[in-house]
Amino acid sequence: MCLMAPDGNFNQFDINAQPFNPVKFFVGNFQAQGIFVDRFGQVQKRFLIDISCEAEDKQTTLHEKFTYDDGEKETRSWTIVRIDEDAYTAHTDDVVGRGVGHVKGAVFKLKYDFLLTLYGRKVKVRFDDVMVKQTENTILNRAKVSKFGLLLGELFITFSRI
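Residues numbered from 1 in each chain as written. Predicted model: local features only at pLDDT ≥ 70, side-chain atom pairs only at ≥ 80, totals over all residues. Heavy atoms only, no water.

Student: Got a sec to walk through the pairing of strand β4 (residues 73-82)? Specific residues and values, please.
Tutor: As defined by bridge partners, strand β3 (residues 59-68) adjoins β4 across nine bridges and the pair is classed as antiparallel. Looking across to β4, one finds that Leu62 is bridged to Trp78. Hairpin remark: β3 followed by β4, antiparallel, with four residues in the connecting loop; positive phi at Gly71, about 95°. Of the strand pairs in this sheet, β4 and strand β5 (residues 87-91) are connected by four bridges, and their pairing is antiparallel. Paired with Arg82 across the bridge in β5 is Tyr88. Between β4 and β5, which pair antiparallel and follow one another directly, the connecting turn spans four residues. (Pairing = 2+ DSSP bridges. Helix = DSSP H or I, 4+ residues; strand = E, 2+ residues; numbered from the N terminus.)

Structure, rendered in structure tokens:
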């Protein structure tokens, strides 16, 4: 069993259970579902994502179509590039600069600054993602979202290959 440590620490669970290469994993079509939970433990948003992925050489591009529980829709495309054996970068239009990621065993950790639309304006927040490959077709993702070091909330997402 592979459990994610609350602090994202690589050493607190079996990281060798399912080796994870994001560029090779994200090929084809996926469905994802998730929630955003605020720092008080209240579910603020639920969403579904239809994802199509294209990989070539050392990079993959994820085309995401979000549908939120309030009917809002959003699209986003991510490009993940493998820099070396365990280092990656990631980018989408709302990321400031590039996200920096590292893989160890079944875990992909990715950190980036993101321009999140809140109340009609863009606000820079910090994402700290931890993705754990559960099977050849499924990953679990937990992302802490913060501003000025203060936790705003967490995203929990399950990605499943279809």
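And the narrative resumes.
Student: Account for the pairing of strand β2 (residues 43-56), naming residues and giving values.
Tutor: With ten bridges connecting them, strand β1 (residues 28-38) and β2 associate as antiparallel partners. Bridge pairing in β2 links Gln33 to Leu48. Between β1 and β2, which follow one another and run antiparallel, lie four residues, and Gly41 among them has a positive phi close to 90°. Sheet topology note: the β2/β3 ladder contains ten bridges and is antiparallel. Pairing of Ile51 across the sheet is with Glu64, part of β3. Between β2 and β3, which follow one another and run antiparallel, lie two residues, and Asp57 among them has a positive phi close to 50°.

Student: Break down the pattern of salt bridges for me, with residues and values.
Tutor: For the structure on display, the rule yields seven salt bridges. With a shortest N-O distance of 2.8 Å, Arg76 and Glu74 are connected by a salt bridge. For Arg76, a relative accessible area of 13% puts it in the buried group. On the basis of relative accessibility, which here comes to 26%, the residue Glu74 falls in the partly exposed class. In this structure, the salt-bridge partner of Lys122 is Asp94, at a minimum N-O distance of 3.2 Å. Separated by 28 residues along the polypeptide, Lys122 in strand β8 (residues 121-133) and Asp94 in the loop between β5 and β6 (95-104) bring together distant segments of the chain. (Salt bridge = Lys/Arg side-chain N within 4 Å of Asp/Glu carboxyl O. Buried < 20%, exposed > 50% of the residue type's maximum accessible area, 1.4 Å probe, protein only.)

Student: Which residues make up the layout of surface pockets, and what are the values?
Tutor: Quantified by volume, the largest pocket comes out at close to 1000 Å³. Taken together, 36 residues form the lining of the largest pocket, with Phe36, Tyr68, Leu116, Phe127 and Leu155 sitting closest to its centre. (1 Å grid on protein atoms, 1.4 Å probe; cavity = no way out; pocket = protein on both sides within 12 Å on 5 of 7 lines; lining within 4 Å. Points joined across faces, edges and corners; volume = space filled by probe spheres on them.)

Student: Help me get a handle on the packing of aromatic side chains, residues and values and all.
Tutor: Tallied over the full model, the rule gives 14 aromatic pairs. Summarising the aromatic geometry, the rings of Phe47 and Phe66 are spaced 6.1 Å apart at their centres and angled 50° between planes, so their arrangement reads as tilted. Residue Phe47 is found in strand β2, and its partner Phe66 is found in strand β3; the two are separated by 19 residues along the sequence. The class for Phe66 is buried, based on a relative accessible area of 8%. Seen in terms of ring centroids, Tyr112 and Phe114 are 6.4 Å apart; in terms of plane orientation they differ by 70°. Their pairing is edge-to-face. For Tyr112, a relative accessible area of 7% corresponds to the buried category. (Phe/Tyr/Trp six-rings, centres within 6.5 Å; stacked < 30°, edge-to-face > 60°.)

Student: Could you give an account of the nonpolar core, with specific residues and numbers?
Tutor: Counting 33 residues, the largest nonpolar core has Phe20, Phe26, Ile51 and Phe127 as its most contacted members. The contacts of Phe26, once residues within four sequence positions are left out, are Phe20, Cys53, Ala55, Thr60, Leu62, Ile80, Ile139 and Phe159. (Core = buried A, V, L, I, M, F, W, Y, C linked by side-chain atoms within 4.5 Å. Contact = heavy atoms within 4.5 Å.)

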